[in-house]
Number of protein chains: 2
Amino acid sequence: MSTGHITLAHGNGGRYMRELIADVFADRLANVFLDTSLDSATLQLGSQEILFTTDGFTVQPLEYPGGSIGSLAVHGTVNDLAVAGALPRFLSLNVFIEEGFAINQLERIVNSMAAAARDASVSIVTGDTKVLRRGEGGGLYLATTGIGTRLPGVRPSIARIKTGDAVLISGPVGDHGTAVMLAREEFGLRGDLQSDSASVFPLTSALLDLDGLRFMRDPTRGGIATVAHDIVRQSGLGLNFESAAIPVNDAVTTVCEMLGYDPYYLACEGRVLAVVAESDAGHALARWQALPGGMRAARIGTVVDDHNHVLLHTELGGERFLEELEDDPLPRIC
Amino acid sequence: MSTGHITLAHGNGGRYMRELIADVFADRLANVFLDTSLDSATLQLGSQEILFTTDGFTVQPLEYPGGSIGSLAVHGTVNDLAVAGALPRFLSLNVFIEEGFAINQLERIVNSMAAAARDASVSIVTGDTKVLRRGEGGGLYLATTGIGTRLPGVRPSIARIKTGDAVLISGPVGDHGTAVMLAREEFGLRGDLQSDSASVFPLTSALLDLDGLRFMRDPTRGGIATVAHDIVRQSGLGLNFESAAIPVNDAVTTVCEMLGYDPYYLACEGRVLAVVAESDAGHALARWQALPGGMRAARIGTVVDDHNHVLLHTELGGERFLEELEDDPLPRIC
């Protein structure tokens with residue numbers, strides 16, 4: 001039996017969360033299908049291979065520029081399926097509502113969820129609602145669980161990554177985290193930055209026929225730094241990022257400088273980080289840049305041999321390690 | 001836009017919840033697969049027909065005689081698949097934990113979940129954890145989402161129900177609701193009644209090859225009275241129950257008499273209410289009574305023509321209507 005108590009850092013996507021999942025859940029629930037290092041499970045049902053994934057949503061505030069907890073709940077699960085190489089098909093929905101919640105706000109949130117589902121061509125096919133007593137819930141929590149079908153082409157996997165591969169990002173990082181933070185108004189800042197929350201399926205499906213595609217992940221909780229640490233931990237390789245190449249919107253840079261955050265740890269909800277063979281990097285970038293969601297796609301780094309670290313080359317010629325996230329910079333961002 | 005606010009009664013399984021789902025969710029999320037009158041969706045994926053269902057769990061206390069929120073989260077979703085005529089296969093798990101929660105209690109709950117999954121032969125294959133700020137959660141909320149595969153035999157459906165059919169229950173009603181209520185100790189009562197929480201798959205699979213099987217449902221929130229109202233609303237038929245025939249444990253009767261509850265509205269988590277043709281009622285009962293979970297199975301009522309009501313014949317020769325649940329007798333029971 002462990003002693004100790006849950007802290008906010010157990011939910012941030014970083015080291016504490018990974019250790020909690022490993023120590024409390026992974027062994028007890030172990031089965032051949034469960035791989036807690038992956039965001040989705042691959043299941044063979046008769047002749048059909050499906051992907052299955054789930055995500056919970058506790059973002060605060062519930063509505064912010066560019067989206068709401070409703071659209072986020074669609075995009076989060078759709079994107080976990082998309083980056084695994086699947087066609088997202090069906091979602092289930094869990095609603096936990098606090099007593100006293102305004103029904104017209106709930107309607108706005110469901111409208112936003114419905115629009116996101118239409119845009120992503122997924123159907124919400126089953127659901128459940130629970131009401132929490134006043135004071136026992138943060139207004140509204142959602143969970144969505146998705147089923148996708150395997151698309152032809154590459155099966156993206158960290159195991160495919162090789163030294164010399166290129167690391168690409170489909171657009172600027174940190175917009176979602178920053179937009180939600182600004183919407184809280186607790187920092188006395190305002191801005192019109194929009195969350196990047198969107199389905200990434202057009203981006204992921206554009207790369208599946210490239211033999212050099214290795215791996216894709218949507219950098220949500222913990223940002224691109226956390227995806228990078230998942231890659232180096234599981235591959236034993238290292239990653240070098242070029243700071244000057246990583247697209248960051250001015251508003252994100254400004255807010256991060258004022259508040260002391262690092263944009264590489266902030267959540268995106270409509271971006272893809274992809275690892276591709278050097279020989280396919282140009283093709284992949286060109287395909288992304290031709291899509292509305294990928295116009296600012298960039299090559300941001302390279303996989304290096306045998307270092308097991310995430311190194312950032314800074315614009316001034318220096319370098320620093322991007323350490324694995326421990327403390328939580330921003331709770332309830334997704 | 002609606003005005004108004006969420007109340008506890010919106011989560012009780014009765015009329016307010018049904019209307020909330022119809023008014024806020026059903027039209028906005030409408031698609032050909034979504035039928036909010038069912039607990040699961042049927043999806044065709046290639047040649048494979050699967051059933052897909054989800055459930056949220058907010059039971060308080062988190063541990064009680066006969067189970068915990070962990071085993072309940074397995075049984076609830078397994079049972080929704082089982083009563084639809086499926087073999088439960090895979091579950092996903094969402095965990096919402098409040099900051100400050102004791103990790104050793106979480107471990108006990110995950111142990112109980114793991115044992116329930118093993119007993120029910122389902123695999124928990126993917127999951128997600130979110131941490132709620134202290135004061136923004138009731139300790140622990142769970143959601144599970146399940147995939148099952150269609151078994152050969154009858155496809156149970158309210159549309160198959162005919163006048164003259166028999167209504168069966170697989171065991172005593174109200175144990176779960178009463179056991180949880182006693183565990184709260186807020187009523188100053190104590191008892192050793194165990195929750196009936198269990199997988200009902202052995203019970204449901206035992207009936208699938210009976211041509212006279214019409215419909216099955218696990219009477220959770222709102223109890224057998226709420227299942228009965230679902231049947232009469234959707235079929236246009238009526239139901240007559242025989243009070244003397246409905247099995248109720250003495251402890252449940254005693255608690256209900258003391259506190260003014262009606263056991264027919266209390267949740268079961270390991271029972272099946274089945275509607276079968278009169279000609280198969282004896283076979284169905286015999287099969288259930290031969291199983292460990294069905295020894296006290298009984299015929300409790302009959303489908304009658306054209307009444308659209310749920311009528312209870314009492315032991316003293318009187319009768320009363322079992323009205324549709326409105327106020328919530330017992331929040332956070334599942």
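Residues numbered from 1 in each chain as written. Chains lettered and ligands numbered in written order. Predicted model: local features only at pLDDT ≥ 70, side-chain atom pairs only at ≥ 80, totals over all residues. Heavy atoms only, no water.

### Some points on the overall build of chain A
When you go through chain A residue by residue, the secondary structure sums to eight helices and 14 strands. Its C-alpha atoms give chain A a radius of gyration of 19 Å, near enough to 20 Å, the size a compact globule of 334 residues would have. Referenced to the eigenvectors of the C-alpha coordinate spread, the extents of chain A come out at roughly 55 × 55 × 50 Å. Sorting the 334 residues of chain A into buried and exposed places 63% on the buried side. Here the contacts in chain A between residues at least 6 apart in sequence split such that 83% fall between residues at least 24 apart. Approximately 11,900 Å² of chain A is accessible, and the part contributed by carbon and sulfur atoms is 49%. Charge separation in chain A, taken as the distance between the mean sites of 25 positive and 41 negative side-chain charges, equals 5 Å. (Helix = DSSP H or I, 4+ residues; strand = E, 2+ residues; numbered from the N terminus. Rg over C-alpha atoms; globule rule 2.2 N^0.38 Å. Buried < 20%, exposed > 50% of the residue type's maximum accessible area, 1.4 Å probe, protein only. Contact = heavy atoms within 4.5 Å. Areas by Shrake-Rupley, 256 points an atom, 1.4 Å probe, with all protein chains shown as cover. Lys, Arg positive; Asp, Glu negative; His and termini not counted. Charge placed at Lys NZ, Arg CZ, Asp CG, Glu CD.)

### Brief notes about the domain arrangement of chain A
Residues and elements named next belong to chain A. Partitioning chain A into domains gives domain 1 (37–150) and domain 2 (158–321). Computed over C-alpha atoms, the centres of domain 1 and domain 2 are 23 Å apart. At the junction of the two partners, domain 1 supplies 23 residues and domain 2 supplies 23 residues. Both sides of the domain 1 and domain 2 interface together cover about 1,800 Å² of buried area, and 58% of this is carbon and sulfur. Looking at the side of domain 1 facing domain 2, the largest losses of area belong to Pro65, Asn79 and Val83, adding up to 30% of the total buried there. (Domains from an automatic or database assignment. Buried area = accessible area lost by both parts, 1.4 Å probe.)

### What to know about the sheet that holds strand E2 (residues 48–57) of chain B
By definition, the strands of a sheet pair up through backbone hydrogen bonds, in either a parallel or an antiparallel sense. Taken in spatial order, the five strands line up as E1-E2-E7-E5-E6 (chain B) in an open sheet, and their pairing is mixed. Two strands lie at the open edges of the sheet, namely strand E1 (41–45) and strand E6 (123–132) of chain B, each paired on one side alone. This sheet shows a mean twist of 20 degrees between the axes of neighbouring strands, independent of strand direction. As judged from the 11 bridges shared by strand E5 (residues 86–98) of chain B and strand E7 (residues 140–150) of chain B, these two strands associate in the antiparallel manner. Paired with Pro88(B) across the two strands is Gly148(B), which belongs to E7(B). Against the sheet, helix H1 (residues 15–26) of chain A engages E5 and E6 of chain B, with an angle of about 135 degrees to E6(B). With respect to the sheet, helix H3 (residues 103–119) of chain B is in contact with E5, E6 and E7 of chain B, its orientation differing from that of E7(B) by roughly 15 degrees. (Pairing = 2+ DSSP bridges. Axes fitted to C-alpha atoms, helices over the stretch in contact; angles between N-to-C directions.)

### Points about the interface of chain A and chain B
Where interface size is quoted, it is often the accessible area lost as the parts come together. Facing 88 residues of chain A, the contacting portion of chain B comprises 87 residues. Carbon and sulfur atoms make up 67% of the surface buried where chain A meets chain B, a total of about 7,300 Å² over both sides. By the criterion of area lost to chain B, the three top residues of chain A are Ile6(A), Arg28(A) and Leu45(A), representing 9% of everything that side buries. Linking chain A with chain B are six salt bridges. Close ionic contact of Arg221(A) with Asp128(B) constitutes a salt bridge, the shortest N to O distance being 2.7 Å. Our count for the chain A to chain B interface comes out at 32 residue pairs in polar contact (both at pLDDT 80 or more). Elements represented by at least two residues in the side of chain A that touches chain B include exactly H1, strand E1 (41–45), strand E2 (48–57), strand E5 (86–98), helix H3 (103–119), strand E6 (123–132) and strand E7 (140–150) of chain A. When its residues are assigned to classes, the side of chain A that touches chain B shows 40 nonpolar, 31 polar and 17 charged. (Salt bridge = Lys/Arg side-chain N within 4 Å of Asp/Glu carboxyl O. Polar contact = N/O pair within 3.5 Å; in protein donor to acceptor, adjacent residues only side chain to side chain. Nonpolar A, V, L, I, M, F, W, Y, C, P; charged D, E, K, R; others polar.)

### Focus on the relation of the copies chain A and chain B
Between chain A and chain B, which share one sequence, the superposing operator has a rotation angle of 180 degrees and an axial displacement of 0.0 Å; the RMSD is 0.0 Å. This pairing of chains is accounted for by a two-fold axis. No C-alpha of chain A approaches the rotation axis more nearly than that of Gly137(A), which lies at 2.3 Å. Interface overlap between copies is the fraction of interface residues in one copy that are interface residues in the other; for chain A against chain B it reaches 99%, indicating a shared surface. (Least-squares fit on C-alpha atoms with pLDDT ≥ 70 in both.)

### Some words on the nonpolar core
Counting 39 residues, the largest nonpolar core has Ile231(A), Phe241(A), Ile246(A) and Tyr264(A) as its most contacted members. At six residues, helix H6 (residues 223–235) of chain A tops the list of elements feeding residues into this core. The contact partners of Ile231(A), leaving out residues within four places of it in the chain, are Ile158(A), Ile161(A), Phe215(A), Gly236(A), Leu239(A), Leu273(A) and Val275(A). One finds Ile158(B), Val173(B), Ala228(B) and Ile300(B) within the second-largest nonpolar core, a separate group that totals 38 residues. (Core = buried A, V, L, I, M, F, W, Y, C linked by side-chain atoms within 4.5 Å.)

### Here we look at H3(B)
Residue and element names in this part refer to chain B. Its 17 residues give H3 an end-to-end C-alpha distance of 24 Å, which sits within 8% of 24 Å, the value for a rise of 1.5 Å per residue. Burial in H3 covers these residues: Ile103, Gln105, Leu106, Glu107, Ile109, Val110, Met113, Ala114, Ala116 and Ala117. Among the residues trailing H3, serine 121 stands out with phi positive, at a value near 55 degrees. (Expected span 1.5 Å × (residues − 1).)

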